[in-house]
Amino acid sequence: MIITDIVEATGTKAKVCVDNGVTFTLYKGEIQKFALEKEGSLSDELYNKIINEVLLKRAKLRCMNLLKSRDYTMYQLMMKLRQGGYPETVIDNAIAYVISFGYIDDMRYAKSYIISAGQTKSRRQIERTLLQKGISKEQISEAYAQCSVEEDTTQEQKLIEKLLEKKRFDRQNATYADRQKMAAFLYRKGFAMDDINHAIGAACN
């Protein structure tokens, strides 16, 4: 293999580009230690050592350090490692390592988030947030089912009631314009129109 380029990444690190299409980031001291240079050759033995020993060990430790402070989804950890300049093969193996020990579990993450956020956020808001964190629609639906939230048809209405109370919505004297304004506010919060109409209608009877 040939090193096609070595590009500075930070003050202490540089990206090494190899002609097999792989790019990885090392400390500049490591580049000197391994005698890596642009247009220089890279033996299979040294390449495998860098990938499977140096970088994989570092990626595992990076994951573990991140997970000390809070939970992450698989997607979030992958993004963190990509930002760190790790090649995909290292990322895959590091993620597999933490999964094997149960350190990350997207279903567990989704259920925990649904339970904690369900008191203040609509289902649509929760789903949108979980999708952004890399949780699939199928996993979200399954998480809701396991939390038994999906079967509670009054959950969204309870949240709407709290917001109506917080906004000091006048249940008896609200005008049509007041109802329209409140409906628009609730829709922007992510609530379904059926639940909004039910709550606003009930509030104005």
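Here's a quick rundown of the structure. Every value quoted in this text rests on a predicted model; they were computed, and no experiment measured them. (Residues numbered from 1 in each chain as written. Predicted model: local features only at pLDDT ≥ 70, side-chain atom pairs only at ≥ 80, totals over all residues. Heavy atoms only, no water.)

### Quick notes on the overall build of the protein
Working step 1: Helices and strands together make up the secondary structure of the protein, namely 10 helices and 3 strands.
Working step 2: Starting at the N terminus and ending at the C terminus, the protein contains elements arranged as β-β-β-α-α-α-α-α-α-α-α-α-α.
Working step 3: Compactness check: the protein gives a C-alpha radius of gyration of 25 Å against a globular reference of 17 Å for 205 residues, more than 25% above the reference.
Working step 4: Expressed as lengths along the three principal axes of its C-alpha atoms, the size of the protein is roughly 80 × 35 × 25 Å.
Working step 5: A burial count over the protein gives 38% of its 205 residues as buried.
Working step 6: In the protein, the proportion of contacts linking residues at least 24 apart, taken out of those at least 6 apart, comes to 55%. (Helix = DSSP H or I, 4+ residues; strand = E, 2+ residues; numbered from the N terminus. Rg over C-alpha atoms; globule rule 2.2 N^0.38 Å. Buried < 20%, exposed > 50% of the residue type's maximum accessible area, 1.4 Å probe, protein only. Contact = heavy atoms within 4.5 Å.)

### Digging into the nonpolar core
Working step 1: The biggest cluster of nonpolar side chains holds 33 residues, and the ones touching the most others in it are Phe24, Leu26, Leu36, Ile50 and Leu77.
Working step 2: At the level of secondary structure, the elements contributing two or more residues to this core comprise strand E2 (13–18), strand E3 (23–27), helix H2 (44–69), helix H3 (74–83) and helix H4 (88–100).
Working step 3: Sort the elements by how many residues they give to this core and H2 lands first, with 11 residues.
Working step 4: Ignoring anything within four residues of it in the chain, the contact list for Leu36 reads Ile3, Ile6, Val16, Leu26, Ile31, Leu42, Leu46 and Ile50.
Working step 5: Membership of the second largest hydrophobic core comes to 14 residues, among which are Leu159, Leu163, Met182 and Ile200. (Core = buried A, V, L, I, M, F, W, Y, C linked by side-chain atoms within 4.5 Å.)

### Observations concerning the packing of helix H5 (residues 106–117) against helix H6 (residues 123–132)
Axis angle and axis distance: for two packed helices, these are the angle between their axes and the distance between the axes, and together they describe the pair.
Working step 1: Two elements in contact, H5 and H6, have axes separated by 11 Å at closest approach and are oriented at 145°. Of the two possible hands of crossing, H5 and H6 adopt the one that is right-handed. Mapping the contact onto sequence places Tyr109, Ala110, Tyr113, Ile114 and Ala117 in H5 and Ile126, Thr129 and Leu130 in H6.
Working step 2: Its residues placed into classes, the contact of H5 with H6 shows 7 nonpolar, 1 polar and no charged. (Axes fitted to C-alpha atoms, helices over the stretch in contact; angles between N-to-C directions. Left-handed = near helix turned anticlockwise from the far one by under 90°. Nonpolar A, V, L, I, M, F, W, Y, C, P; charged D, E, K, R; others polar.)

### Here's the deal with the packing of aromatic side chains
Working step 1: One pass over the full model with this rule turns up 2 aromatic pairs.
Working step 2: Where Phe101 meets Tyr103, the ring centres are 5.7 Å apart and the plane angle is 20°; that geometry is what we call stacked.
Working step 3: Taken together, the aromatic side chains of Tyr97, Phe101 and Tyr103 make up a single cluster linked through ring pairs. (Phe/Tyr/Trp six-rings, centres within 6.5 Å; stacked < 30°, edge-to-face > 60°.)

### Things to note about the pattern of salt bridges
Working step 1: Here the structure, examined in full by the defined rule, presents 5 salt bridges.
Working step 2: Its salt-bridge partner being Lys28, residue Glu8 comes within 3.4 Å of it at the nearest N-O pair. Separated by 20 residues along the polypeptide, Glu8 in strand E1 (residues 3–8) and Lys28 in helix H1 (residues 28–33) bring together distant segments of the chain.
Working step 3: Residue Glu8 is classed as exposed on the basis of its relative accessible area of 57%.
Working step 4: In this structure, Arg82 engages Glu88 in a salt bridge whose closest nitrogen and oxygen atoms are separated by 2.9 Å.
Working step 5: For Glu88, a relative accessible area of 38% corresponds to the partly exposed category. (Salt bridge = Lys/Arg side-chain N within 4 Å of Asp/Glu carboxyl O.)

### Some words on unusual backbone geometry
Working step 1: Backbone geometry places Ala35, a non-glycine residue, at a positive phi of 55°.
Working step 2: Looking at the element boundaries, Ala35 is found in the loop between H1 and H2.
Working step 3: Given a relative accessible area of 59%, Ala35 falls into the exposed group.
Working step 4: Positive phi is not limited to glycine here, since Glu39 has a value of about 70°.
Working step 5: Looking at the secondary structure, you find Glu39 in the loop between H1 and H2.

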